[in-house]
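The primary structure of each chain is shown beneath.
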Amino acid sequence: MCGIAGIIHTDDRHAPPSAELLHEMIGAIRYRGPDEFGIYRDQHAGLVHARLSIIDLLGGQQPMSNEDGSLWIVFNGEIFNYIELRNELRSLGHRFQTQSDTEVIVHAYEAWGNECFLKFNGQWAFALWDAQKRKLILSRDRIGVRPLFVRQAQGKIWFASEVKAIFSDPEVPRSINSQGLDQTFTYWASIAPVSVFDGIEEILPGSVRIYDSDGAHREWLYWQPLYADPREPYQLPIADATEVLREKLMRATELRMLRADVPVGSYLSGGLDSSLVAWMGRQAKEGSFQTFSLRFDDAEFDETVFQQLMASQLDSTHHDIVVSRHDIARVFPEVVWHAERPILRTAPAPLYLLSQRVRQSGIKAVLTGEGADEMLAGYDLFREAKIRQFWSRQPESKIRPRLFERLYPYLGRSPNQTKGMALQFWKQGIEKANLPGFSHGPRWSTTSALKRFFSADIRQSIAAHPAPDVLSSLPKDFGRWDPLGQAQYLEVVTLLSGYLISSQGDRMLMAHSVEGRFPFLDSDVMEFCNGLPADYKLRILDEKHILKRVARGVIPDQIVRRQKQPYRAPDAISFVGKDAPDYIRELLSEKALKESGLFDSAAVSKFYQKCLAKGKNAITSATFSNSDNMALVGILSTQLLDNLFVRENRHSSGDRISFVTDIDRVSNHAQHATQENSL
Amino acid sequence: MKITQEEIGLKVKSFIQDNFVFNGQDIDSEVSLLGSGTIDSTGILEVISFLEETFGVRFDDKELIAENFDSIAKIQSFMFHKLGDAGS
């Protein structure tokens, strides 16, 4: 896992990209790959790379080229099937200098051109520079596990794993993008290509973008999640499909355990997904196995019992950390610095602390269960949508909505007012059951209501340039899919790509130089899951039904059968206690709010006072409503973002770094012996 | 002196503006408070507690249904009748 960055000059009048600037750019994200640094420069291009060495520790330095030195790559990620692809390429006559997956990409592109991307099973963001044609090729993996941002202006193209690398060029203006904010306060994240910064685009997951020498670009999706058409018969009975899923998951986990020249550990949340992944990881490789868990001071979020049960079953070397509200508030600025976007939940903060623990124990890569809930319908949102669908056929029925009590048994015991209000919430938009977005309507409208805190300027700007609507760019067959498939698609393109595997995934892991590996996001596993009939995934209201069949017998029954507990952390309550750090009060002051200009300062001040008052007597986080939590965390993180990136631009990494690989085609001498051989 | 429907409506509206809307924007009395995201299901409890304290009433469990509380107009009319009943 690594960090990449670069500059391409499409205007001949520019001097070659400056080594000094490239140095700054990669320095800004050095934590993504602290093991080695490399640089390539010619008259028009500069590529830089920070390496976290996991595969081919000695030979995998970057930037790397093809045999004749016409094609150069900087690559962040892993191509897990690189050995199979390398064999295929060898049989086509390609010769390899290293044992790395990086070199496979270069040759695959030479051999198969634009068809190569679909052949990769992995998690990647890379830039290929065709020095002869002066063409830049940018690509990301199917789901967007690895990040990639780009900016084009004044005859230049900047790209990088993280925006802060692009911002380390003082020439690049920095401001918050209102469309990105608009999307964040709807979908919980900006949706690529929109980013939360003006002039910065996020490369779409599953896409390729090619810039020609004149700076014009074209791009296309080589993959997107597509779901089963319920009218087409499915061949496999569920028992057989369970076996296929087991084999595919096992294979995906093996690839992620064995395709590494360093030990791979596993996260263990106490839930079904990570337990199964850890168990499969344990089977894949002999020897010691390290597992890592998050525990909470607040009992309502804690899952210690299940973690310890699973760890003892695995006989792993188990590590855990206990996270408090105070820890969350303390590290939150660092979390936003790494996430580089506003977040509406504090859930990334504990994961930031957990990756630190992983790194301290000497582990560089971990498996996680991320993706199972999206691929196999684990979330309550899918179950709620199914009941709402059923209810919509008879909206006056008093009996149909009682199914919600199956989902949330506490409702059956609740006073009328709780139940009545909850039902009123789910009844929203029930008349639109046949329209795209039905499943996500309640979430999006609740979140959108927070926009009342935006400043008049931001609201005007959004009114003048509304953000693209996810529902306006759906795949053409969307309407033919089962309602569950439609809901899964929306969940994948909004929350999974934009938040879970980025703000809560890659960014929190890489902050401490740890690579996440996600068996449920294996391309083969995803294709198989997406093709399954809806009722294999969500049977009546039983979520991840087929996965429980896979897990039965190998994972303790208590874990397979337990009610799903969504991963949450203390939100608003972390920021309003009497020992809350000073930065919170400062950033939420009228003065700071006026300076950023993003929010209505009077409205936020009143709201913050209300939260502080509530916080005085708060014992559990239930004191704060869902809206309060999202509003406080969302506003505070946006203020932090503005402060860290727009006002301060804290990008300098301090220490000098030295480049192990230094290809200098500007002064016409290559300094790196191994690279000279390949030229 | 008996409080009028309009006075109830104004008190409720200003409470909701101060405690949920915050930005001084007017809220349509007919709009669904839950449906528009102005208040979520936990927030409604704050409204109910405000009504009990301000008007010195207690609500029966069976009165606490969305039909009575989901807009300012609904609260206004429900409270007016409740206070009327209590007074008579």
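Residues numbered from 1 in each chain as written. Chains lettered and ligands numbered in written order. Predicted model: local features only at pLDDT ≥ 70, side-chain atom pairs only at ≥ 80, totals over all residues.

**With respect to the overall build of chain A**
- The helix and strand tally for chain A stands at 29 helices and 19 strands.
- Here the C-alpha atoms of chain A give a radius of gyration of 25 Å, agreeing with the 26 Å that 2.2 N^0.38 yields for 679 residues.
- The long-range share in chain A, meaning contacts at least 24 apart out of those at least 6 apart in sequence, stands at 73%. (Helix = DSSP H or I, 4+ residues; strand = E, 2+ residues; numbered from the N terminus. Rg over C-alpha atoms; globule rule 2.2 N^0.38 Å. Contact = placed C-beta atoms within 7 Å.)

**Section: the interface of chain B and chain A**
- Each partner contributes to the interface: chain B provides 23 residues, whereas chain A provides 24 residues.
- Examining the composition of the side of chain B that touches chain A, we find that five residues originate from one element, helix α2 (residues 41-55) of chain B, more than from any other.
- Split into classes, the residues belonging to the side of chain B that touches chain A amount to eight nonpolar, 10 polar and five charged. (Nonpolar A, V, L, I, M, F, W, Y, C, P; charged D, E, K, R; others polar.)

**Considering the environment of Leu249 of chain A**
All names here are of chain A.
- Relative to the helices and strands, Leu249 resides in helix α6 (residues 238-258).
- For Leu249, a count of 23 C-beta atoms within 10 Å puts it in the buried group.
- In this structure the C-alpha to C-alpha distance between Leu249 and Asp582, which are 333 residues apart in sequence, comes to 47 Å.
- Ignoring sequence-local partners within four residues, the contact set of Leu249 consists of Met280, Pro519, Val525 and Val550. (Buried ≥ 20, exposed ≤ 12 C-beta atoms within 10 Å, placed from the backbone.)

**Comments concerning unusual backbone geometry**
All names here are of chain A.
- The omega torsion of the bond from Gln62 to Pro63 falls at 0°, within 30 degrees of zero and hence cis.
- Checked against the element boundaries, Pro63 lands in the loop between β3 (45-51) and β4 (64-65).
- The omega torsion of the bond from Ala192 to Pro193 falls at 10°, within 30 degrees of zero and hence cis.
- Turning to its location among the elements, Pro193 is positioned in the loop between α5 (178-187) and β10 (201-202).
- Phi angles above zero are rare outside glycine, and Ser513 is one such case at about 55°.
- Along the chain, the position of Ser513 falls in the loop between α19 (502-510) and β17 (515-517).

**A word on the packing of α6 of chain A against helix α20 (residues 523-531) of chain A**
All names here are of chain A.
- Relative to each other, α6 and α20 sit at 160°, their axes nearing to 9 Å. As judged from the angle between their axes, α6 and α20 are roughly antiparallel. Along this stretch, α6 crosses α20, giving a crossing that reads as left-handed. Between α6, through Val244, Leu245, Lys248, Leu249 and Ala252, and α20, the contact on the second element is made entirely by Asp524, Val525 and Phe528.
- Per-class residue counts for the contact of α6 with α20 are six nonpolar, no polar and two charged. (Axes fitted to C-alpha atoms, helices over the stretch in contact; angles between N-to-C directions. Parallel < 35°, antiparallel > 145°, perpendicular 65-115°, else oblique. Left-handed = near helix turned anticlockwise from the far one by under 90°.)

**Digging into the nonpolar core**
Residues and elements named next belong to chain A.
- Of all hydrophobic cores here, the largest spans 213 residues; its most connected members are Phe126, Ala127, Phe159 and Ala160.
- It is helix α18 (residues 483-500) that provides the largest number of residues to this core, a total of 10 residues.
- Ignoring any residue separated from it by four or fewer positions in sequence, one finds Phe159 in contact with Ala5, Gly6, Ala127, Leu138, Leu148, Phe149 and Val150. (Core = buried A, V, L, I, M, F, W, Y, C linked by C-beta atoms within 7 Å.)

**Details of the sheet that holds strand β15 (residues 317-323) of chain A**
Residues and elements named next belong to chain A.
- As summarised here, the arrangement of the five strands in space is β15-β14-β13-β16-β17, forming an open sheet in which the pairing is parallel. Both edges of this open sheet fall to β15 and β17, since each of them pairs with a single strand only. The sheet shows a mean angle of 30° between the axes of neighbouring strands, taken without regard to direction.
- Of the strand pairs in this sheet, strand β16 (residues 365-367) and β17 are connected by three bridges, and their pairing is parallel. The residue of β17 that forms the bridge with Leu367 is Arg517.
- Across the face of the sheet, helix α7 (residues 272-284) comes into contact with β13 (264-267), β14 (290-296) and β16 while running at roughly 160° to β13. (Pairing = 2+ DSSP bridges.)

**Side note on the pairing of strand β1 (residues 2-9) of chain A**
- Of all the eight residues making up β1 of chain A, eight are buried; the element is thus mostly covered by neighbouring parts of the structure.
- The alternating pattern of β1 of chain A places Cys2, Ile4, Gly6 and Ile8 of chain A on one face and Gly3, Ala5, Ile7 and His9 of chain A on the opposite face, and all of these are buried.

**Details of the packing of helix α1 (residues 5-21) of chain B against α2 of chain B**
Residues and elements named next belong to chain B.
- Here α1 crosses α2 at 135°, and the two axes come no closer than 11 Å. In terms of orientation, α1 lies oblique with respect to α2. Seen from above, α1 lies across α2 with right-handed handedness. In this structure, α1 uses Lys11, Phe15, Ile16, Asn19 and Phe20 to contact α2, whose residues at the interface are Gly43, Glu46, Val47, Phe50 and Thr54.
- Class assignment for the residues of the contact of α1 with α2 results in five nonpolar, three polar and two charged.

**Some details on the domain arrangement of chain A**
All names here are of chain A.
- When the domains of chain A are assigned, the result is domain 1 (2-176 + 204-224 + 661-678), domain 2 (238-371 + 496-561), domain 3 (380-445 + 465-486) and domain 4 (573-648).
- Inter-centroid distance (C-alpha atoms) of domain 2 to domain 3 is 28 Å.
- Across the contact, five residues belong to domain 2 and eight residues belong to domain 3.
- Per-class residue counts for the side of domain 2 that touches domain 3 are three nonpolar, no polar and two charged. (Domains from an automatic or database assignment.)

**Examining the pairing of strand β5 (residues 71-79) of chain A**
Residues and elements named next belong to chain A.
- The buried fraction of β5 amounts to nine of the nine residues, a majority that puts the element mostly inside the structure.
- Note that β4 and β5 share two bridges and pair antiparallel. Pairing of Met64 across the sheet is with Ile73, part of β5.
- If you look at the hairpin formed by β4 and β5, you'll find five residues sitting between the two strands, and Gly69 has a positive phi there, around 70°.

**A short note on the confidence of the model for chain B**
Residues and elements named next belong to chain B.
- Summarising the model, chain B shows a mean pLDDT of 86, and 95% of its residues fall at 70 or more.
- By mean pLDDT, the top-scoring element of chain B is α1 (91), and the lowest-scoring one is helix α3 (residues 66-69) (83).
- Quick note on the complex model: pTM equals 0.93, ipTM equals 0.72. (pLDDT = per-residue confidence, 0-100.)

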